[in-house]
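Architecture at a glance
Chain by chain, the residues run as shown.
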Amino acid sequence: MAGHGNTPAAWTAVAVAMLGFVVGSVALLQTPASMTLLWIGIAIALIAFPFFLVLSKMGYNSSDH
């Protein structure tokens, strides 16, 4: 299937999830690990999927945007 996942909704969701993973990784690299920052990163990463669904319902899940 050509173009699978190449939509604005998919790219935005991946970017949000990546931001969450980066925030969580930075939290774990601190000494001692910042559990508050880790949970913020987890929350950001978990928001990516509902964010994708909202953008998809708004019509950003097609390649012609």
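Throughout what follows, the structure given in this document is the object of discussion. (Residues numbered from 1 in each chain as written. Predicted model: local features only at pLDDT ≥ 70, side-chain atom pairs only at ≥ 80, totals over all residues. Heavy atoms only, no water.)

**Topic: the overall build of the protein chain**
For the protein chain, the count of helices and strands is 2 helices and 0 strands. A burial count over the protein chain gives 23% of its 65 residues as buried. Partitioning the contacts of the protein chain with sequence separation of at least 6, the portion at a separation of at least 24 is 61%. Put simply, the protein chain shows about 4,700 Å² of open surface, and 75% of that area lies on carbon and sulfur atoms. (Helix = DSSP H or I, 4+ residues; strand = E, 2+ residues; numbered from the N terminus. Buried < 20%, exposed > 50% of the residue type's maximum accessible area, 1.4 Å probe, protein only. Contact = heavy atoms within 4.5 Å. Areas by Shrake-Rupley, 256 points an atom, 1.4 Å probe, with all protein chains shown as cover.)

**Observations regarding helix H1 (residues 8-29)**
Taking 1.5 Å of rise per residue, the 22 residues of H1 would be expected to cover 32 Å, and the 31 Å separating its terminal C-alpha atoms lies within 8% of that figure. Those residues of H1 that are buried are in contact with helix H2 (35-57). (Expected span 1.5 Å × (residues − 1).)

**Things to note about the packing of H1 against H2**
Packing of H1 against H2 brings their axes to within 7 Å, and their N-to-C directions diverge by 175 degrees. It follows that H1 is roughly antiparallel to H2 by the angle criterion. Considered class by class, the residues forming the contact of H1 with H2 number 18 nonpolar, 5 polar and no charged. (Axes fitted to C-alpha atoms, helices over the stretch in contact; angles between N-to-C directions. Parallel < 35°, antiparallel > 145°, perpendicular 65-115°, else oblique. Nonpolar A, V, L, I, M, F, W, Y, C, P; charged D, E, K, R; others polar.)

**Some thoughts on unusual backbone geometry**
Pro 32 follows Thr 31 through a cis peptide bond whose omega is -10 degrees. Relative to the elements of secondary structure, Pro 32 occurs in the loop between H1 and H2.

**Details of the environment of Met 35**
When you line up the elements, Met 35 lands in helix H2. Taking relative accessible area as the criterion, Met 35 reaches 47% and is therefore assigned partly exposed. In this structure, the C-alpha to C-alpha distance between Met 35 and Gly 24, residues 11 residues apart in sequence, is 8.9 Å.

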